[in-house]
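Structural description and commentary
This is what each chain is made of:
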Amino acid sequence: MGRKVALALGSSVFLAAAVAHAELPRDYFLDAPAAGTFSMSDVYNVGAQQSIENRAHLEEGMSMLTTRLSGIASYPYADGSINLDARLFLFTLGGSAGYRQVYRNHTFAPGADSSRDVRNDRESDKDFDAQGFTYGEGRLRVVVPLDPFFLISTNTLRYEGVDDNSFDWMHANMHDGGTLFKSEATLFYRHRDLGGIGPYARVMNVPRTKDDGGHRRETELHYGLVFGTRPGLVRPRGGNADLFLLQLVFKFGDEDYGLHPYRLPLYPLAVYRAVFRLF
């Protein structure tokens, strides 16, 4: 259809657009990625991230080894990490190690009010400090193509050397240092002309400080929506591409949960990514 329209109008511009569209649909980010070395530049609602990623086939079409170096500069923290993932068909086993410097840190004494309102008051009064810590994680991801649906499920075991009873800017909740577990899943409805959209759910088990100073583990459920698409600001040539991703994660009824500047039990993430092939 695109070629017929282009020829009827006598314009190579329309033909080129149709060909590019056919080569890289808007839901491309749900497909297995191409091999090579890529630069990925992200801007999001509270910062920016730069990554260099190398993808190498172990067995073309079946398995791939991905290594990535990433650096983040954002409103509340800076972060650097090294990441390694090995994919075999529908399964990906990976790990990360890194260091995070939080310069808008909120750590509370046992039993103290750590709600969003209190954290906002502390921000207004500049009553926060800083802390740095190392972290590491192992993860197992499973993808299940159910055309036109696409399920992504990831289970992660993560260690953070953070101070006890600190606010976690990445997960928007309070927890102690030590080991946490999270299991998250997104069921995308995918469409080549629109992208992918679907519900998101995350179960987290985290260590927490009791009011009396003791320790316990708690399990909580977060839920929301994810939408991704290719905006088309980067011409899809030789592996170049772009991506817009919007994630909204809620936990209603929890006064501690959420990025407090938004004053809601909400973790919002809006990301624009530009990808360019280096080699």
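Up top is the structure these notes are about.
Residues numbered from 1 in each chain as written. Predicted model: local features only at pLDDT ≥ 70, side-chain atom pairs only at ≥ 80, totals over all residues. Heavy atoms only, no water.

**Focus: the layout of surface pockets**
Looking at the second largest pocket, its volume works out to about 240 Å³. Together, 18 residues line the second largest pocket, and S114, N165, R208, R216 and D256 are the ones closest to its centre. Counting only elements with at least two residues in the lining of the second largest pocket, the list comes to β9 (173-175), β11 (195-209) and β12 (215-229). No other element matches the three residues that β12 contributes to the lining of the second largest pocket. When its residues are assigned to classes, the lining of the second largest pocket shows five nonpolar, five polar and eight charged. (1 Å grid on protein atoms, 1.4 Å probe; cavity = no way out; pocket = protein on both sides within 12 Å on 5 of 7 lines; lining within 4 Å. Points joined across faces, edges and corners; volume = space filled by probe spheres on them. Helix = DSSP H or I, 4+ residues; strand = E, 2+ residues; numbered from the N terminus. Nonpolar A, V, L, I, M, F, W, Y, C, P; charged D, E, K, R; others polar.)

**Considerations on helix α3 (residues 116-124)**
All buried positions along α3 are accounted for by R116, R119, N120, R122 and E123. Relative to the axis of α3, the buried residues are bounded by an arc of 160 degrees and lie together on one face. Of the residues one or two after α3, K126 is the one with positive phi, at around 55 degrees. (Buried < 20%, exposed > 50% of the residue type's maximum accessible area, 1.4 Å probe, protein only. Arc of directions from axis to C-beta.)

**Focus: the sheet that holds strand β6 (residues 129-146)**
Strands sit in the order β1-β2-β3-β4-β5-β6-β7-β10-β11-β12-β13-β14 around a closed barrel of twelve strands; the barrel is antiparallel. Within this sheet the neighbouring strands show an average axis-to-axis angle of 20 degrees, counted without direction. Relative to strand β3 (residues 63-74), strand β2 (residues 47-59) is paired through twelve bridges, and the arrangement is antiparallel. Bridging from a neighbouring strand, E59 pairs with S63 of β3. (Pairing = 2+ DSSP bridges. Axes fitted to C-alpha atoms, helices over the stretch in contact; angles between N-to-C directions.)

**Some thoughts on the side chain of H106**
Mapped onto the fold, H106 is located in the loop between β5 (91-105) and α3. Overall, H106 belongs to the buried group, its relative accessible area being 0%. A distance of 3.4 Å separates the side chain of H106 from the side chain of R122, its partner in a polar contact. (Polar contact = N/O pair within 3.5 Å; in protein donor to acceptor, adjacent residues only side chain to side chain.)

**Structural notes on a negative patch on the surface**
On the surface, D113, D117, D121, D125, D127, D129, D163 and D164 cluster together to form a negatively charged patch. Within the fold, D163 resides in the loop between β7 (149-160) and β8 (166-168). (Patch = residues over 30% accessible without salt bridge, like charges linked within 9 Å, V, L, I, M, F, W, Y side chains within 5 Å. Areas by Shrake-Rupley, 256 points an atom, 1.4 Å probe, with all protein chains shown as cover. Salt bridge = Lys/Arg side-chain N within 4 Å of Asp/Glu carboxyl O. Lys, Arg positive; Asp, Glu negative; His and termini not counted. Charge placed at Lys NZ, Arg CZ, Asp CG, Glu CD.)

**Quick look at a nonpolar patch on the surface**
A cluster of nonpolar side chains, contributed by L146, F149, L187, Y189, I197 and L225, occupies part of the molecular surface with about 490 Å² of accessible area. Within the secondary structure layout, L187 lies in strand β10 (residues 178-191).

**Regarding the side chain of R87**
Along the chain, R87 falls in strand β4 (residues 77-88). No salt bridge is formed by the buried R87. Its closest oppositely charged neighbour is E60, at 9.7 Å. Polar contacts involving the side chain of R87 include one to the main-chain carbonyl oxygen of F89, which spans 3.5 Å. If we skip the residues at most four places from it in the chain, R87 touches A32, M62, S63, M64 and T92. (Contact = heavy atoms within 4.5 Å.)

**A few points about the packing of aromatic side chains**
Under the counting rule described, the total for this entry stands at seven aromatic pairs. When the centroid spacing of 6.3 Å and the interplanar angle of 35 degrees are considered together, the rings of Y223 and F252 count as tilted. Here Y223 is found in strand β12, whereas its partner F252 is found in the loop between β13 (241-250) and β14 (266-277), with 29 residues between them in sequence. You can call Y223 partly exposed: its relative accessible area is 30%. Members of the aromatic cluster, each reached through a chain of ring pairs, are Y28, F29 and F188. Taking NZ or CZ as reference, R100 lies 4.2 Å from the ring centre of Y77, over its face. For R122, the ring lying beneath its charged end belongs to F108, and the centroid distance is 4.4 Å. (Phe/Tyr/Trp six-rings, centres within 6.5 Å; stacked < 30°, edge-to-face > 60°. Lys NZ or Arg CZ within 6 Å of the ring centre and 35° of its normal.)

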